[in-house]
Amino acid sequence: FFRRMNDATFGATWPSTRGEAAANMSAMYAKASTLKNTLPLLPGNNFTNKNRHDFRKSQMLQYSNGHRMASTPKTYPAELVATQEKISLNDIQQAHPSWLTLDNKILRFYCYFKESIHESREENARVRRCNLYYYLEDDTIQVTEPKQDNSGVPQGNLVKRHKVPKIHGAEEHYTVDDLNVGADIVIYSKTFHIVDCDAFTRYFYSQLGRPLRPFEEYPEDAHLEKTITVKQSMHPNKPKDPDHREWKRFNEYEQGGRMNLFNYDEREAARSFFENDRKVLQFSALWDDTKTLHGDARHFTVLYFLADHTVKVLEKTSRNNGRDPFPVFLRKQKLAKVKCPAADCNLETMSTRPQEYVTWEDLMIGKTVSVCGRDMLLYDCDDFTKKFYSSKYRGLDFTPLDVSAPPQQSNRMEPPPHRGFGSPEDSLVSWSHLVLKPPKKDLRKLQERDGDVLTFGGYLETQPERRLIIVFRCADDTLGIFEAPGRNTGFTGGKFLQRQKVKKPMEGNATLTMEAPYYTEDDFYVGARLDINSHIIIIDKIDEHTVRYLEGAPKDFSADDMDKVVHKIRGMLLNRFSKLTDTFRAMDMDHNGGITIKELDKVCRHLNIVLSEHELLCLMRYLDEDANGTVEYYEFVRKMAPKDYEGELDAGKGTVRLTEIADPLDKSYQKVAQGQDAQRESDKVFKMFRDKLNSQRFMALDLFRMMSDRAFDSRVGEKEFRYGVVSVLQLNMEPRQIDLLVNRVFPFPGKRLTQKEFNRMMSSGPHFETTYCG
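Predicted model, so just to flag it, every value in this text is computed and none were measured.

J.: I keep staring at the overall build of the protein chain and nothing clicks. Help me out?
T.: Secondary structure assignment for the protein chain yields 26 helices and 20 strands. Taking all 774 residues of the protein chain together, 32% fall into the buried category. In the protein chain, of all internal contacts separated by at least 6 residues, the share reaching a separation of at least 24 is 51%.

Written out as structure tokens, the structure reads:
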């Protein structure tokens, strides 16, 4: 009730002072009493006495002089009852304070202030329009400025809501009486001029008996007029809402009128939408901008929407292309065809000339489309686009065009040629780095291949009498060559090539460049021909350690290849001979009881088996088990007649003794067999001799001195050696074993050993050979 009474009575005519409120209380009380009697008895329509605090009902039964009696309710005079129902102003203010009755009651004024512009020749001051809000509930003021697009100044809340003093620092604040149209309000040294207000504000002041002045016009603002002119020029042909055809048609239909019929263009647009909705033609396009400065070739995706004949262009971005990731190159719109050049443009006829737009008929692989002045070549399309054009035309070629960029010729600076000073790697590092650094080495290879040294023997092709020792280290691929001293050669032995990495020869001066490869371990083998610093070196020998190393890591001629060669030789022998003795005789051309490497080479050539010198050497080592340089008969039997072989060459299974296989009538081969048995026994005795020598802790040098003291030439012969075995070492050996030992140490009569030869015999054996001759 008080809410409605507030709006009807003192809501709009709220007194400004408490004296006026007391004078109007009688009128308010009479009106309140009248409303109370006319309202229906419903919850919320009655008034309660604010002074009453005891709501208990009075007792109707009581005792009087010891008797029970019913008490009668008290009655009051009419004037007292009327006085009791009166409501004071304090009661009304306590029940309905101003923050409740005047809640959401806001007075809005339109105002402006001028801002001085000192750095512009177009304007001296700018008019900034604002809204001033006065809150009646707590007498606070707020000033805001509506935001404008591209204004360039901070806008929004200029003065936050609070009680604004009239003078800065004073206690007197602005009230309702200080606000009026045409008045100037100074807020913190800024003068706001009020030009108008809203309808509620005028009604509020009219109820107070203080009507406001009429509205005023905003002063002219050059900046605002220019902004409006620019916005209108941006869309000169865009129809406004009152003139819009769709808006007018909708209004007519809403008013109960008859909707106008669609024209031809509208019907075609509707038909195209319903038939071709979500049907999109997709093309791949290329914009070649390489002819301009800093231009490049850019790829795009052209989408043509059949529903509304619009075009959308997306850019295909690639990683690290140096461009910002903005994929939408042209938003969805109708794409106009090539416009007329600037020389032919006429402002009077430009607006009347019909504009032509790109349709699906203008798009095809191989055609060029102009998109905002950029000519894009269509070079491919998707499967749906191919089906669409195939349904419209026949015999079209949808082969994609090759638009790949030609290979670019880089102007990379080539390193200068090596001048021969230092290593090429060191020279290249000094050229490529400003701060000198040592060239990087393969540390893993240095650790794994450390100690792997390959030693070969060779000679110069132009001077065969000059013998060379070639040492190759696998850890760092370095090569060192030493020349062995020779008698009457005219050359002193020594270092022929210092240890270094050697490049292979190439045409011209390419050997000095980084492209020339170095010699590796695969280039060294028996029979290899090396070109080192214009010297042709032919390898013809190899030491025992190198042979074992190459056998452990075969490259070209492996154990499988040797088995194939042996199998081929065996097949030939089975076809031509029936006994192993006949086969061995055929291969042993000089009939000395063993097959040499030259005889093996002749057999391989006769069988059309082409082997290099190194491969022939590996095959010889495969057949020669005791590594004495010849293949004896028992070794030949073991390799040619394996343990699981059964055939005409063997009487039974397994490997048999040589004396059993040999022909009894062949005395030469029996002699060879007996010599081989003796050789094995002598090896056994010599091994026993060395073991006893080591067990007694004799030094080979001391033994040699004791034996050579009995000789005239400081050497050891058969007589001195027997003395050392029997008298010095005092070995308990049979005379036959001593004879075998002497024959083993001195295979040739009259042979006398020097200290170096004796030490070598004691360390490796009397018949140890370091090289194989090819």
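J.: How should the side chain of serine 708 be read in this particular structure?
T.: Structurally, the position occupied by serine 708 is in helix 23 (residues 700-708). One polar contact links the side chain of serine 708 to the main-chain carbonyl oxygen of arginine 705, over a distance of 3.3 Å. If near-sequence neighbours (up to four positions away) are discounted, serine 708 is found in contact with Ser714, Arg715 and Val716.

J.: Help me understand the pairing of strand 9 (residues 280-288), please; the structure alone is not making it clear to me.
T.: Where strand 9 lies against strand 10 (residues 297-305), 9 bridges are found, and the strand directions are antiparallel. Bridge pairing in strand 10 places leucine 286 opposite histidine 299. Of the pairings in the sheet, the one linking strand 9 to strand 14 (residues 374-381) comprises 4 bridges and is antiparallel in character. Note that in strand 14 the partner of phenylalanine 283 across the bridge is cysteine 381.

J.: Got a minute to help me understand the pattern of salt bridges in this structure?
T.: Think of it this way: side chains of opposite charge can pair up when their charged atoms draw near. Under the defined criterion, the tally for this structure stands at 29 salt bridges. Of the charged contacts in the structure, one is a salt bridge between lysine 332 and aspartate 308, with a shortest N-O distance of 3.6 Å. Of this pair, lysine 332 sits in strand 12 (residues 328-333) while aspartate 308 sits in the loop between strand 10 and strand 11 (310-315), and the two are 24 residues apart along the sequence. Owing to a relative accessible area of 43%, lysine 332 belongs among the partly exposed residues under this scheme. Residue lysine 445 is joined to aspartate 477 by a salt bridge in which the shortest nitrogen-to-oxygen separation is 2.8 Å. Here lysine 445 is found in helix 14 (residues 443-448), whereas its partner aspartate 477 is found in the loop between strand 16 (467-473) and strand 17 (478-483), with 32 residues between them in sequence. Linked through salt bridges whose partners overlap, the residues forming this network are Glu115, Arg128 and Glu145.

J.: Explain the sheet that holds strand 12 here, please?
T.: Sheets are built from strands paired through backbone hydrogen bonds, the pairs being either parallel or antiparallel. Ordered in space as 12-11-10-9-14-13, the 6 strands form an open sheet in which the pairing is antiparallel. Each having just a single partner strand, strand 12 and strand 13 (368-371) make up the two edges of the open sheet. Neighbouring strand axes in the sheet, compared pairwise and without regard to direction, differ in orientation by 35 degrees on average. Packing against the sheet, helix 12 (residues 383-392) makes contact with strand 9 and strand 14, and its axis sits at approximately 110 degrees to strand 9.

J.: I tried to follow the sheet that holds strand 19 (residues 529-532) on my own but got confused; where do I start?
T.: Spatially, 6 strands are ordered 18-17-16-15-20-19 in an open sheet, and the strand pairing comes out antiparallel. Across the chains shown, the open sheet's two edge strands, defined by having one partner strand only, are strand 18 (494-500) and strand 19. On average, each strand axis in the sheet is tilted by 30 degrees relative to the strand beside it, whichever way the strands run. Looking at chain direction, strand 15 (residues 453-460) and strand 20 (residues 535-542) are connected through 5 bridges and run antiparallel. By the bridge assignment for strand 20, glycine 457 is matched with lysine 541.

J.: Can you help me understand the pairing of strand 4 (residues 125-135) in this one?
T.: Consecutive side chains of a regular strand alternate in pointing toward one face of the sheet and then the other. Within strand 4, 9 of the 11 residues are buried, which leaves it mostly tucked inside the rest of the structure. In this structure, strand 3 (residues 106-116) lies alongside strand 4, joined through 11 bridges in antiparallel fashion. Directly across from cysteine 111, in strand 4, lies its bridge partner cysteine 130. In terms of strand pairing, strand 4 meets strand 5 (residues 140-145) through 5 bridges, oriented antiparallel. Within the sheet, the bridge partner assigned to leucine 132 lies in strand 5 and is valine 143. Between strand 4 and strand 5, which follow one another and run antiparallel, lie 4 residues, and aspartate 139 among them has a positive phi close to 60 degrees.

J.: Would you explain the packing of aromatic side chains in this entry?
T.: Per the stated rule, a full pass over the model turns up 17 aromatic pairs. On the basis of an interplanar angle of 35 degrees and a centroid distance of 5.0 Å, the ring pair of phenylalanine 472 and phenylalanine 524 is categorised as tilted. With a gap of 52 residues between them, phenylalanine 472 in strand 16 and phenylalanine 524 in the loop between strand 18 and strand 19 connect regions that are remote in the sequence. Overall, the relative accessible area of 0% leaves phenylalanine 472 in the buried class. The interplanar angle of 75 degrees and the centroid separation of 5.9 Å between the aromatic rings of phenylalanine 721 and phenylalanine 746 together place this pair among those described as edge-to-face. Remark: phenylalanine 746 occurs in the loop between helix 25 (735-745) and helix 26 (755-764) and phenylalanine 721 occurs in helix 24 (residues 718-728); sequence separation between them is 25 residues. Taking relative accessible area as the criterion, phenylalanine 746 reaches 2% and is therefore assigned buried. In this structure an aromatic cluster arises from ring pairing among Phe283, Trp360, Phe388, Tyr389 and Tyr393. Directly above the aromatic system of tyrosine 135 lies the positively charged group of arginine 161, at a separation of 3.7 Å from the ring centroid. Above the face of the tyrosine 518 ring, lysine 501 is positioned so that its terminal group lies 4.5 Å from the ring centre.

Cut-offs and rules
Residues numbered from 1 in each chain as written. Predicted model: local features only at pLDDT ≥ 70, side-chain atom pairs only at ≥ 80, totals over all residues. Heavy atoms only, no water. Helix = DSSP H or I, 4+ residues; strand = E, 2+ residues; numbered from the N terminus. Buried < 20%, exposed > 50% of the residue type's maximum accessible area, 1.4 Å probe, protein only. Contact = heavy atoms within 4.5 Å. Polar contact = N/O pair within 3.5 Å; in protein donor to acceptor, adjacent residues only side chain to side chain. Pairing = 2+ DSSP bridges. Salt bridge = Lys/Arg side-chain N within 4 Å of Asp/Glu carboxyl O. Axes fitted to C-alpha atoms, helices over the stretch in contact; angles between N-to-C directions. Phe/Tyr/Trp six-rings, centres within 6.5 Å; stacked < 30°, edge-to-face > 60°. Lys NZ or Arg CZ within 6 Å of the ring centre and 35° of its normal.

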